[in-house]
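Here are the chains, one letter per residue:
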Amino acid sequence: MKRVITITLILLTSISIGANSVRHLSLDEAILLARTQSLDAAVALDELRSAYWQYRIYRAGLLPEVNFQATAPSYSKSYNSYQNSDGTYTFVRNNYMQMYGKLSVQQNIWLTGGTLSLNSSLDYLKTLSGDKQQRYMSTPIALTLNQPIFGVNSTKWNRRIEPIRYAEAKANFLTATEQVTMSAINYFFNLLLAKENVSIARQNLQNAEKLYEVARAKHSMGIISDNDLLQLRLNTLNARSGLTDDESSMKSAMFSLRSFLALDENVEIIPLQPDTLAPITLNYEQVLQKAMENNSVTKNLERRRLQADYDVANAKGNLRQINLTAQLGLSGVDRDIEPTYDRLNDNQYVQVGVQIPLIDWGKRRGRLRMAESNREITASRIEQELLNFKQNLFILVEQFNNQRTQLEIAQEADTIARRRYKSNVETFIIGKISTLDLNDAQVSKDQARRNHISELMYYWYYYYRIRSITLWDWEKNSNIDADFEKIIKRR
């Protein structure tokens, strides 16, 4: 029975251990996973799709629109008022059925902002009381023009604004993808640093226990004092407590990275420290040029400037409104359907509508002044935002160029601090330094190791931050681009 229980426990333990799979994850793999399956990447894709369909709607508005309208049938049996020739009114009874169909093609005129439509219709009317006559009216062709004379040409302005808006959305998507990369870098290095802290804590605990045992032997021989022995015992307890905290922090960091990358919760991630660095030194003028060419900020500023100009033009057009409506076509009426297309008559209609405010207490003029003031405010804000953009970019380039040196210093300090600590441990064992000196060496070693990991994180963070602003791959020396049609249609 004991043997059966033992085997069962071993099997259950093996199953429990096997449930957690280990995955060694490099920085490049983490970035790839973040770009393809993270929630942030999905949000960026949804925003791109929304902008894409908005642009498609704009493009469709430039093309002819074909519509079919029909009423089949319409039946009426009611009384309506009717005015006699002597001016008196009476009520007449209506009892008829009507059917109607119209096919129309409508096109916005890019040059003038008007609308041109081509219509063809057929109307059928049959009385259901009295002599029960039926009549057909055909309009084989009717050309209609609606044209504002002084109003703003919205089609013309949209042709300038909407392509910039879509280009801005595409640049935003690429920037968001790079920002997903920066988030992945943060989560990845948080786990890497947490894992390094656990490794440091375990090593410190082993060293503390070893040194405490040596100190106990020395204390029994009267070589070290009670104070030094108690200090080493306290170091052991602190190291054990620190290891517990660091292990908890590592689990939290691993959970965050797993969630961000949408990995299974049973996967244990082992982050691999990146060894290679891009041997790049950036020139601010080149970085600024690429940013001005590719970044969504510049497209956003251009679109806002055009939008402010459009608002002013629209306010000017509303000062007076003159609309022209003209129709030219042919119509026929008969009892049978075929003669309605044989005996056609001119069907012409012209209307010019004018609306000019005589007294509006300065309302329209005030709207124009407000639009002009808003345009000046927008221009000032754009100038300030552009200045801030350039200043922040300059600082970022300087930080990146300096970071390689900072990383080299941190790496050398890490090596020296570890060698110093190892030497101090050996010196303490032979009794030539105090516990205070040993503790100082340990603190310096741990801090130097953490600084090394942090400086490595900042290096990659600054690099991808510059990539997200310039949308330029500085390693390959090429644009960061994408097949947007393929991405949008991807499910």
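The notes below deal with the structure included here. (Residues numbered from 1 in each chain as written. Predicted model: local features only at pLDDT ≥ 70, side-chain atom pairs only at ≥ 80, totals over all residues. Heavy atoms only, no water.)

1. Thoughts on the pairing of strand 3 (residues 89-108)
- Relative to strand 3, strand 2 (residues 65-83) is paired through 17 bridges, and the arrangement is antiparallel. Paired with Phe68 across the strands is Leu103, a residue of strand 3.
- Hairpin connection of strand 2 to strand 3: five residues between the antiparallel strands, including Gly87 at a positive phi of 95 degrees.
- Where strand 3 and strand 4 (residues 115-127) come together, 13 bridges link them in antiparallel fashion. Bridge pairing in strand 4 links Gln106 to Ser117. (Pairing = 2+ DSSP bridges. Helix = DSSP H or I, 4+ residues; strand = E, 2+ residues; numbered from the N terminus.)

2. A few points about the nonpolar core
- By size, the foremost hydrophobic cluster in this structure holds 54 residues, and its most contacted members are Phe189, Leu261 and Trp460.
- Counting residues per element, the ones that place at least two in this core are helix 2 (27-37), helix 4 (154-220), helix 5 (226-261), strand 6 (267-271), helix 6 (284-294), helix 9 (363-429) and helix 10 (435-470).
- Considering each element in turn, this core owes the most residues, 13 residues, to helix 4.
- With sequence-adjacent residues up to four places away left out, Phe189 is seen in contact with Leu27, Pro274, Ile453, Leu456, Met457 and Trp460.
- Counting 16 residues, the second-largest nonpolar core is a separate cluster that includes Leu48, Tyr52, Leu174 and Phe484. (Core = buried A, V, L, I, M, F, W, Y, C linked by side-chain atoms within 4.5 Å. Buried < 20%, exposed > 50% of the residue type's maximum accessible area, 1.4 Å probe, protein only. Contact = heavy atoms within 4.5 Å.)

3. Focus on the pattern of salt bridges
- Scanning the model with the defined rule gives 18 salt bridges in all.
- Between Arg420 and Asp440 there is a salt bridge, with the nearest N and O atoms lying 2.9 Å from each other. Of this pair, Arg420 sits in helix 9 while Asp440 sits in helix 10, and the two are 20 residues apart along the sequence.
- Judged by relative accessible area, Arg420 falls into the partly exposed class, the value being 34%.
- Note that Asp473 and Arg467 form a salt bridge whose closest N and O atoms lie 3.2 Å from each other. The pair Asp473 / Arg467 is uniform in exposure class, with both members buried.
- Salt bridges here are not isolated pairs; linked through shared partners, they connect Arg35, Glu178, Arg467 and Asp473. (Salt bridge = Lys/Arg side-chain N within 4 Å of Asp/Glu carboxyl O.)

4. Side note on helix 2
- Within helix 2, burial applies to Leu27, Ala30, Ile31, Leu33 and Ala34. For helix 2, the buried positions fall inside an angular range of 165 degrees around the axis, keeping them on one side. Turned more than 90 degrees from where helix 2 packs its buried face, Asp28, Leu32 and Thr36 sit exposed.
- Next to the buried residues of helix 2 lie strand 1 (21-25), helix 3 (39-61), helix 4, helix 5 and helix 10. (Arc of directions from axis to C-beta.)

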